[in-house]
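Residues per chain, in single letters:
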Amino acid sequence: MDRLSIILTLMTGAVITGGLVILFFTFGWYGWLPIGIGAVVGIVLSWPAGYVISRRIKRTDPQWDESRVERVESPVPKPDAPEV
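Note that this is a predicted model, so its numbers are computed, not measured.

**Some points on the overall build of the protein chain**
Inference 1: Scanning the protein chain from N- to C-terminus turns up 2 helices and 0 strands.
Inference 2: The burial tally for the protein chain puts 20% of its 84 residues in the buried class.
Inference 3: Sequence-distant contacts, at least 24 apart, represent 69% of the contacts inside the protein chain between residues at least 6 apart.
Inference 4: Summed over all atoms, the accessible surface of the protein chain reaches about 6,300 Å², with 70% contributed by carbon and sulfur.

Set out below in structure tokens:
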């Protein structure tokens, strides 16, 4: 379980949604429909974007050791389990 991607999902969802809504408003498309479209797209794309960013952060971190991570058996991580 990648705990960093869970935290990044919240941030990337807000950035994607906000960016799309600002883009729609810039082009003069006002109303609830563009806000709803921005929210749906933000929700759908937030986890993949957060996961990619998390992997990149861990790949470029010289202190991160990918070889010491054990296989996680449960979808719910244990608080003392190693980060994947």
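**Let's talk about helix H2 (residues 32–60)**
Inference 1: Taking 1.5 Å per residue, 29 residues should reach 42 Å; H2 reaches 40 Å between its end C-alpha atoms and fits that length.
Inference 2: For H2, the elements touching its buried residues are helix H1 (3–26).

**Brief notes about the packing of aromatic side chains**
Inference 1: Throughout the structure, instances matching the rule amount to 3 aromatic pairs.
Inference 2: Here the aromatic rings of Phe24 and Trp29 are separated by 5.1 Å at their centres, their planes lie at 70°, and the arrangement is edge-to-face.
Inference 3: Note on Phe25 and Tyr30: the rings are 5.3 Å apart at their centroids and 35° apart in plane angle, and the pair reads as tilted.

**Structural notes on H1**
Inference 1: Spanning 24 residues, H1 covers 35 Å between terminal C-alpha atoms, matching the ideal 34 Å at 1.5 Å per step.
Inference 2: Considering bend angle alone, the principal kink of H1 is centred on Thr9 and spans about 30°.
Inference 3: Within the span of H1, buried status applies to Ser5, Leu8, Thr9, Thr12, Gly13, Val21 and Phe24.
Inference 4: Tucked inside the fold, the buried residues of H1 contact H2.
Inference 5: Backbone geometry just downstream of H1 places Gly28 in the positive-phi region, at approximately 85°.

About the cut-offs
Residues numbered from 1 in each chain as written. Predicted model: local features only at pLDDT ≥ 70, side-chain atom pairs only at ≥ 80, totals over all residues. Heavy atoms only, no water. Helix = DSSP H or I, 4+ residues; strand = E, 2+ residues; numbered from the N terminus. Buried < 20%, exposed > 50% of the residue type's maximum accessible area, 1.4 Å probe, protein only. Contact = heavy atoms within 4.5 Å. Areas by Shrake-Rupley, 256 points an atom, 1.4 Å probe, with all protein chains shown as cover. Expected span 1.5 Å × (residues − 1). Phe/Tyr/Trp six-rings, centres within 6.5 Å; stacked < 30°, edge-to-face > 60°. Bend = angle between axes of the 7 residues up to and from the residue.

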